[in-house]
Amino acid sequence: KQWYQRRVRGSKDVVIDLVCYRRNGHNEADEPSFTQPLMYKRIRETPNVLKKYSAQLLEEGAVSQEDIDNEVAQFDNILNDAYQQSLTITKMKLTDWLDSPWDFFFECDENKVPLLKPTPPTGAPESVLKMVAEKFSAEPPIKVHPGINRILKGRKKMKDAGMADWALGEALAFGSLLMEGYHVRLSGQDVERGTFSHRHHVLHDQDVDGKVYNALQNLSSSQQKYSVSNSSLSEFGVLGFELGFSQHNPNALVIWEAQFGDFFNTAQPIVDQFISSGQDKWYRQSGLVMLLPHGMEGMGPEHSSARMERFLQMCNDDEDSLYEGVSLDQQLWDCNWQILNVTTPANMFHCLRRQMHMKFRKPLVVFTPKSLLRHPLARSPFSEMASGTSFKPVIPESGDISKVKKVLFCSGKVYYDLLEKREAAGLVEEVAITRLEQLSPFPHDLVAEEIARYGAGVKMSWVQEEHKNAGAWAYVKPRLNNHLTGDAKISYCGRDSAASAATGNKKLHKMELSNFMEKSFEI
């Protein structure tokens, strides 16, 4: 308490070096003397804390031996009574173990079981979108770098056209949530600017050191707080902290972004032990968002893959459970987390807003793009983010399908490679391309509808840019095959299996891409 008060008064961190020991070694059944005989000889000769504290109180005359004996007996009775009572319990509800400060958040029935309420559309009023875009593109009240002025002009041009690229789509999601009273928190290495210099939420004065401006923190006097801060180079520590923050406040959109998706591997224990299985282990919900830049773009094995396959392997949805008649909200409630690989700013906008508008909380892992941040086709009109619109788990082929001979299922950036190749090959009418924006929980109903649009003789392939033993292939293969009839099977188009996440040779990278693009359009 003393040091806490000193920290509050001095606004400085305090580190307490607390030296402890285990009286019984690793656990009560352990025999620590096998390896530490002298240390544990001294420990056994040392009175325990209760005896030492009791002796001190007796010496001070604060209590009598009778007082101590009564206190010990009373505590023993409490333990024994609780044990006897536990023997009479024949049923247990997980909700009894829910240690959460969220009593105000869940709508529950008379047994205090949370009710599953439908998620409303996640679009925002167009007036709000325009206001946020106007503020986000406006000239700041500080002297900024000339390059920032060019970026602001580009934002304004998009705003006037009612279009959004990736950075603007994200800003519209943040801004609209802030205006609705949700706290937005973003941390990670270089998140203020964005690893790929696309975000620029914190602008720096070029003449005054330390003077900054954040447009999203200056939308309105009635908005919620927007916190964005570059973190230290400790993915493990920062991700763990943000997870804890997300469990404290369900009305905060808490986001951790990796500098490159590959770098999440140094936070793997947090992902494995807490995020993927937190609700199953401890009945604790979290709405934490992980943004993992991902994409095979010739940048080598350490800057290409966020290891999608690892996240999909930890999903709890059964490949043979087709969720027939089960609502999307029920599927989201049942899953342990959401795995997304989106291709449009509008879907990015909706998945972030869905995190707050769901009536429960689930972790969200989004494999975010790199080259798509500035891709001319990766744009969304404001109308796809306006009131009444929602996230699209599957984006089907929008063209005429009457002459289609082959359907390519894909997810993420590779869609734009396929689009370009299809146009160049003159196969727009013969080949359809369907995007799975949500990989888990797998959108069985929407995939079944898409497959049913095509005749029995139409070929079906899964295309991915990752190696065959990576990416989504092992996860989607059985799930897609469950919707094919007769002897039809989904075929694979992509890179061969490899131990390394990506090649470090740019020429080989391009050769691999060319090869599986050619294979994808073999009819």
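Structure's up top.
Residues numbered from 1 in each chain as written. Predicted model: local features only at pLDDT ≥ 70, side-chain atom pairs only at ≥ 80, totals over all residues. Heavy atoms only, no water.

(A) Looking closely at the sheet that holds strand E14 (residues 438–440). Ordered in space as E5-E2-E6-E7-E9-E8-E14, the seven strands form an open sheet in which the pairing is mixed. Pairing within the sheet leaves two strands with one partner each, and these edge strands are strand E5 (226–230) and E14. Strand after strand, the sheet turns through a mean of 20° between neighbouring axes, direction not considered. Across five bridges, the pairing between strand E7 (residues 289–293) and strand E9 (residues 364–368) is parallel. Among the inter-strand pairings, Leu292 is bridged to a residue of E9, identified as Phe367. Packed onto the sheet, helix H7 (residues 166–179) meets strand E2 (183–188), E5, strand E6 (252–257) and E7 and runs at close to 140° relative to E2. (Pairing = 2+ DSSP bridges. Helix = DSSP H or I, 4+ residues; strand = E, 2+ residues; numbered from the N terminus. Axes fitted to C-alpha atoms, helices over the stretch in contact; angles between N-to-C directions. Contact = heavy atoms within 4.5 Å.)

(B) Highlighting the pattern of salt bridges. All told, the structure shown has 20 salt bridges when counted by the stated rule. Arg44 is the partner of Glu31 in a salt bridge, and the nearest nitrogen-oxygen pair spans 3.4 Å. In this pair, Glu31 is assigned in the loop between helix H1 (2–10) and helix H2 (37–45) and Arg44 in helix H2, connecting sequence segments 13 residues apart. For Asp160, the salt bridge identified is with Lys156, shortest N-O distance 3.3 Å. (Salt bridge = Lys/Arg side-chain N within 4 Å of Asp/Glu carboxyl O.)

(C) Spatial organisation of the pairing of strand E15 (residues 459–467). In terms of burial, E15 is a largely internal element, eight of the nine residues being buried. Examined bridge by bridge, strand E12 (residues 406–410) and E15 share four bridges and lie parallel to one another. From the neighbouring strand, Lys406 faces E15, where its bridge partner is Lys459. Both E15 and strand E16 (residues 491–495) contribute to a ladder of four bridges, which runs parallel. Note that in E16 the partner of His467 across the bridge is Arg495. As for the winding sense of the linkage, the β-α-β connection from E15 through helix H16 (residues 473–481) to E16 is right-handed. (Buried < 20%, exposed > 50% of the residue type's maximum accessible area, 1.4 Å probe, protein only. Right-handed = clockwise from strand over helix to strand, strands pointing away.)

(D) Focus on the environment of Lys211. If you trace the backbone, Lys211 turns up in the loop between strand E3 (203–204) and strand E4 (212–213). Owing to a relative accessible area of 38%, Lys211 belongs among the partly exposed residues under this scheme. Distance from Lys211 to Lys403, taken between C-alpha atoms, is 60 Å for residues 192 residues apart in sequence. In contact with Lys211, other than residues within four places in its own chain, are Ile142, Leu203, His204 and Asp205.

(E) Broad picture of the packing of H7 against helix H13 (residues 345–357). Relative to each other, H7 and H13 sit at 25°, their axes nearing to 8 Å. By the angle between their directions, the pair H7 and H13 is classed as roughly parallel. Between H7 and H13 lies a crossing of right-handed hand. Contacts from Trp166, Gly169, Glu170, Leu172, Ala173, Phe174, Ser176 and Leu177 of H7 reach H13 at Pro345, Met348, Phe349, Leu352, Arg353, Met356 and His357. (Parallel < 35°, antiparallel > 145°, perpendicular 65-115°, else oblique. Left-handed = near helix turned anticlockwise from the far one by under 90°.)

(F) The arrangement of a negative patch on the surface in detail. The grouping of Glu66, Asp67, Asp69 and Glu71 at the surface amounts to a negative patch. Tracing the backbone through its elements, the reader meets Glu71 in helix H4 (residues 65–86). (Patch = residues over 30% accessible without salt bridge, like charges linked within 9 Å, V, L, I, M, F, W, Y side chains within 5 Å. Areas by Shrake-Rupley, 256 points an atom, 1.4 Å probe, with all protein chains shown as cover. Lys, Arg positive; Asp, Glu negative; His and termini not counted. Charge placed at Lys NZ, Arg CZ, Asp CG, Glu CD.)

(G) Region of interest: the nonpolar core. In terms of nonpolar packing, the biggest core is built from 46 residues, with Met290, Leu292, Phe311 and Trp462 touching the most fellow members. At four residues, the largest contribution of residues to this core is made by H16. Excluding its chain neighbours within four sequence positions, the residues that come into contact with Phe311 are Phe264, Val271, Met290, Leu292, Ala306, Trp337, Ile339, Val365 and Phe367. Formed by 45 residues, the second largest nonpolar core is a distinct cluster that contains Ala133, Leu168, Val228 and Leu253. (Core = buried A, V, L, I, M, F, W, Y, C linked by side-chain atoms within 4.5 Å.)

(H) Here's a closer look at the side chain of His483. Mapped onto the elements, His483 comes out in the loop between H16 and E16. Using a relative accessible area of 15% as the deciding quantity, one classes His483 as buried. A distance of 2.8 Å separates the side chain of His483 from the side chain of His444, its partner in a polar contact. Apart from residues lying up to four places away in sequence, His483 is in contact with Leu322, His444, Val447, Ala448 and Ile451. (Polar contact = N/O pair within 3.5 Å; in protein donor to acceptor, adjacent residues only side chain to side chain.)

(I) Inspection of unusual backbone geometry at higher detail. That bond from Ser440 to Pro441 is cis: its omega, -5°, falls within 30 degrees of zero. Positionally, Pro441 belongs in the loop between E14 and helix H15 (444–452). Even without glycine at this site, His200 takes up a positive phi of about 50°. Residue placement: His200 occurs in the loop between E2 and E3.

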